[in-house]
Amino acid sequence: MSNNNIFVTRPSLPPLDEFIPYLSRIWEAKQLSNGGPFHREFELALAEYFDVEQVSLFTNATIALLVSLQAAGVTGEVITTPFSFVATSNAIVLAGAEPVFVDVDPRNLNISAEQIEAAITPRTSAILPVHCYGNPCDVKAIEDIAKRHGLKIIYDAAHAFGVRHEGSSILKAGDMSVLSFHATKVFNTFEGGAVISRDLATKTRIDEVKNFGLVDGIQMPTVGLNGKMSEFNAALGLLQLKHVGNDIKARQRVAAIYADRLGSVPGIKFPCGVNGPANGAYYPILITDGFGQTRDELFETLKTNGIISRKYFFPLISDMEAFRANPSADPTNLPIAKRAASQAICLPIYADIDRKTVEYICDLITAAAK
Ligand code: T4K
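In this convention, every chain numbers its residues from 1, walking through the sequence in written order. Local features in this predicted model are restricted to residues whose pLDDT is 70 or higher, and side-chain atom pairs enter the listing and the counts only when it is 80 or higher, whereas totals over whole chains, interfaces and linings include all residues. Derived side-chain values reflect all non-hydrogen atoms in the structure, with water molecules and hydrogen atoms excluded from consideration.

- Looking at an unreviewed UniProt entry, the chain carries the name DegT/DnrJ/EryC1/StrS family aminotransferase, with the source organism given as Mesorhizobium retamae.
- UniProt positions are given in the numbering used here, feature names are shortened, and annotations may be inferred rather than shown by experiment. Looking at the Sequence similarities (unreviewed entry) heading of the UniProt record, one finds this comment for the chain: "Belongs to the DegT/DnrJ/EryC1 family."

Printed below as a string of structure tokens:
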């Protein structure tokens, strides 16, 4: 084991020499942004890769969430999960609506479909679930509720790159899905994101809002912002797409080592199953009573030994100062999420972490369990 710390993730990068021809094309064309050739190519390539109708590229998933909520015309209340990264609820507030937190399903820590129905009021306009860690939500039950109550569904699919569910892309669920291509994700463009939508009219609306709200360059029916992806990020994305299949396989091999070595350690539970989510985005475990240390103690044990894990997701969004006063943020309303936030820890997983390091992490955890 070297003295260098091991982080929860490290970004996958393509060989630098493969990127040079892409950069040369940008330098020659001098089209740096505003829907240049790489931008168009990358949108089409992603649509084909995911087998979805429409893709709109973004500068990051936070802006993409905000724009998709605006494009969906959300008002009043949006039902969401507190067990996520703050960007999920921040986007609701920035879109001018109020998040209503409901508890999660103890089996997978995704939003509980049953709890959604109970939280609907005349002010509810949409549901914003998260495929947490890349594990699909109960999309059928959520769609059924949305249809019966006339609500929009925008999925935060930031973790769900390449995930399939019952034979098709999970990104086909709901009205829109939002992906993150941040450096810490399975697939990265340094910073970046995308909105998947069902039809050209919606994509056009999204593309207008992300381009200041301008239509045909001179009209502006609604106020928009600048959420455009640059040619640099789009070119990198096109190249990354050639490598992501191998990266996901490598992550799955890491998950298989964890599964093998930790599967029967007392007190560890696996919210995405022992093999983790299908795309290897994260390797989350829950540290419960039967384990020899608390989650926080295990976090420190790992840290002392150079392993920098992450407590995704602690604190709950609803416990953040900006959200605490929201009536739905009352912890008694969210007991399962509250418990998960005190138990969850994500172990290092990325394409080029070596087997020895993963086994070393497993040894530390196994020793801590006693
Ligand atoms: N919705 C959900 C459900 C999300 O999880 C996120 C983001 C979003 C929406 C919004 O997506 P974007 O707007 O970002 O596209 C990270 C990320 O900043 C954030 O993108 C992510 N979720 C969240 C779950 O995690 P931190 O503060 O934990 O990341 P950080 O910088 O500590 O990175 C973790 C480790 O990764 C580092 O210890 C080292 C390694 N790393 C990180 C970066 C950025 C590298 O090796 N190289 C790098 O460039 O928040």
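1. What to know about the overall build of the chain
- A run of H or I in DSSP becomes a helix once it reaches four residues, and a run of E becomes a strand once it reaches two; helices and strands are each numbered from the N terminus. When its secondary structure is counted, the chain shows eleven helices and 14 strands.
- The principal-axis extents of the C-alpha atoms in the chain amount to approximately 65 × 55 × 40 Å.
- Remark: exposure states derive from per-residue accessible area (1.4 Å probe, protein chains only) relative to the maximum for the residue type, with buried under 20%, exposed over 50%, and partly exposed in between. Within the chain, buried positions represent 55% of all 370 residues.
- When contacts within the chain are restricted to residue pairs at least 6 apart in sequence, those whose partners lie at least 24 apart make up 68%.
- Here the Shrake-Rupley method, with its probe set to 1.4 Å, supplies the accessible areas, and only the displayed protein chains count as covering residues. For the chain, the accessible surface area stands at approximately 16,100 Å², while carbon and sulfur atoms represent 53% of it.
- In this tally, Asp and Glu contribute negative charge and Lys and Arg positive charge; neither His nor the terminal groups of the chain are included. For this purpose, a charge sits on NZ of Lys, CZ of Arg, CG of Asp or CD of Glu. Placing the 34 positive and 39 negative side-chain charges of the chain at their respective mean positions leaves the two points 3 Å apart. Between two residues, a contact is recorded if the distance between any of their heavy atoms is within 4.5 Å.

2. Topic: the sheet that holds strand β11 (residues 268-269)
- Pairing between two strands requires that DSSP report at least two bridges joining them. Read across the sheet, three strands follow the order β11-β12-β14 without closing on themselves; strand pairing throughout is antiparallel. Pairing within the sheet leaves two strands with one partner each, and these edge strands are β11 and β14 (344-347).
- As defined by bridge partners, β11 adjoins strand β12 (residues 283-287) across two bridges and the pair is classed as antiparallel. Pairing of Ile-268 across the sheet is with Ile-287, part of β12.
- Only the stretch in contact is used when a helix axis is fitted, and all axes are lines through C-alpha atoms; the angle between N-to-C directions ranges over 0 to 180 degrees. On top of the sheet, helix α10 (residues 335-343) reaches β12 and β14; it is set at about 45° to β14, its chief contact.

3. Describing the site of the ligand
- For this description, a residue counts as near a given molecule or strand if any of its non-hydrogen atoms is within 4 Å of it. Inspection of the region around the ligand gives 26 residues, with Arg-10, Thr-62, Asp-156, Arg-310 and Tyr-312 positioned closest.
- The definition of a polar contact used here is a pair of N or O atoms within 3.5 Å, where within protein one atom must be able to donate a hydrogen and the other to accept one, and adjacent residues in sequence count solely through side-chain atom pairs. Between the ligand and Asp-156 there is a distance of 2.7 Å, counted from a nitrogen atom to a side-chain nitrogen or oxygen.
- Note that an oxygen atom of the ligand is positioned 2.7 Å from one of the side-chain N or O atoms of His-159.
- Protein coverage of the free-state accessible area of the ligand, which is 920 Å², stands at 77%.
- The set of elements that each furnish at least two residues to the shell around the ligand consists of α3 (61-71) and α4 (87-94).
- Here the shell around the ligand is built from residues that sort into twelve nonpolar, ten polar and four charged.
- Boundary definitions for the domains trace back to an automatic or database domain assignment. In terms of domain composition, the shell around the ligand takes at least three residues from each of domain 1 (16-241) and domain 2 (244-369). Polar here means any residue outside two lists: the nonpolar Ala, Val, Leu, Ile, Met, Phe, Trp, Tyr, Cys and Pro, and the charged Asp, Glu, Lys and Arg; Gly therefore counts as polar.

4. Regarding the state of the cysteines
- Cysteine sulfur atoms that come within 2.5 Å of each other are treated as a disulfide pair. Under the counting rule described, the total for this entry stands at zero disulfides.
- Cys-272 forms no disulfide, and the closest cysteine sulfur to it belongs to Cys-132, at a distance of 6.9 Å.
- Here Cys-362 stays free of any disulfide, with the sulfur of Cys-346 as its closest cysteine sulfur at 15 Å.
- On the basis of relative accessible area, Cys-362 is assigned to the buried category, the value being 0%.

5. What about the pairing of strand β10 (residues 193-197)?
- Judged by how many residues are buried, β10 sits mostly within the fold: five of five residues are covered.
- Where strand β2 (residues 54-58) and β10 come together, five bridges link them in antiparallel fashion. Within β10, the position partnered with Val-55 by the bridge is Ile-196.
- Sheet analysis places strand β9 (residues 176-180) next to β10, joined by five bridges and oriented antiparallel. When the sheet's bridge partners are listed, Leu-179 is paired in β10 with Ala-194.

6. As for the packing of helix α1 (residues 16-29) against helix α2 (residues 37-50)
- One way to put it is that α1 packs onto α2 with a least axis distance of 10 Å and a crossing angle of 135°. It follows that α1 is oblique to α2 by the angle criterion. Two secondary-structure elements touch here, α1 through Tyr-22, Arg-25 and Ile-26 and α2 through Pro-37, Phe-38 and Glu-41.
- Classifying every residue of the contact of α1 with α2 gives four nonpolar, no polar and two charged. Comment on the angle field: the value is read as roughly parallel under 35 degrees, roughly antiparallel over 145, roughly perpendicular from 65 to 115, and oblique elsewhere.

7. Details of the packing of α1 against helix α8 (residues 231-262)
- Taken N-terminus to C-terminus, the directions of α1 and α8 make an angle of 150°; their axes are 10 Å apart at the nearest point. Here α1 is positioned roughly antiparallel relative to α8, judged by the angle of their axes. The chirality of how α1 crosses α8 is right-handed. Residues Glu-18, Phe-19, Tyr-22, Leu-23 and Ile-26 of α1 form the contact with α8, whose own contacting residues are Glu-231, Phe-232, Ala-235, Leu-236, Leu-238, Leu-239, Lys-242 and His-243. Should the near helix be turned anticlockwise from the far one by less than a right angle, the crossing is termed left-handed; should it be turned clockwise, right-handed.

8. With respect to the domain arrangement of the chain
- For the chain, the assigned domains are domain 1 (16-241) and domain 2 (244-369).
- A separation of 25 Å is found between the C-alpha centroids of domain 1 and domain 2.
- Residue-level contacts link 36 residues of domain 1 with 33 residues of domain 2.
- Three residues, Phe-101, Tyr-133 and Val-186, lead the burial of domain 1 against domain 2; their summed loss comes to 29% of the area buried on that side.
- The rule for a salt bridge is simple: a side-chain nitrogen of Lys or Arg has to be within 4 Å of a carboxyl oxygen of Asp or Glu. Viewed at the interface, domain 2 and domain 1 are joined by zero salt bridges.
- The tally of links from domain 1 across to domain 2 stands at ten residue pairs in polar contact (both at pLDDT 80 or more).
- Elements represented by at least two residues in the side of domain 1 that touches domain 2 include exactly α4, β4 (98-101) and α8.
- Grouping the amino acids of the side of domain 1 that touches domain 2 by side-chain chemistry returns 21 nonpolar, ten polar and five charged. Once two parts are joined, some of their accessible surface, as seen by a 1.4 Å probe, is lost; buried area is that loss totalled over both.

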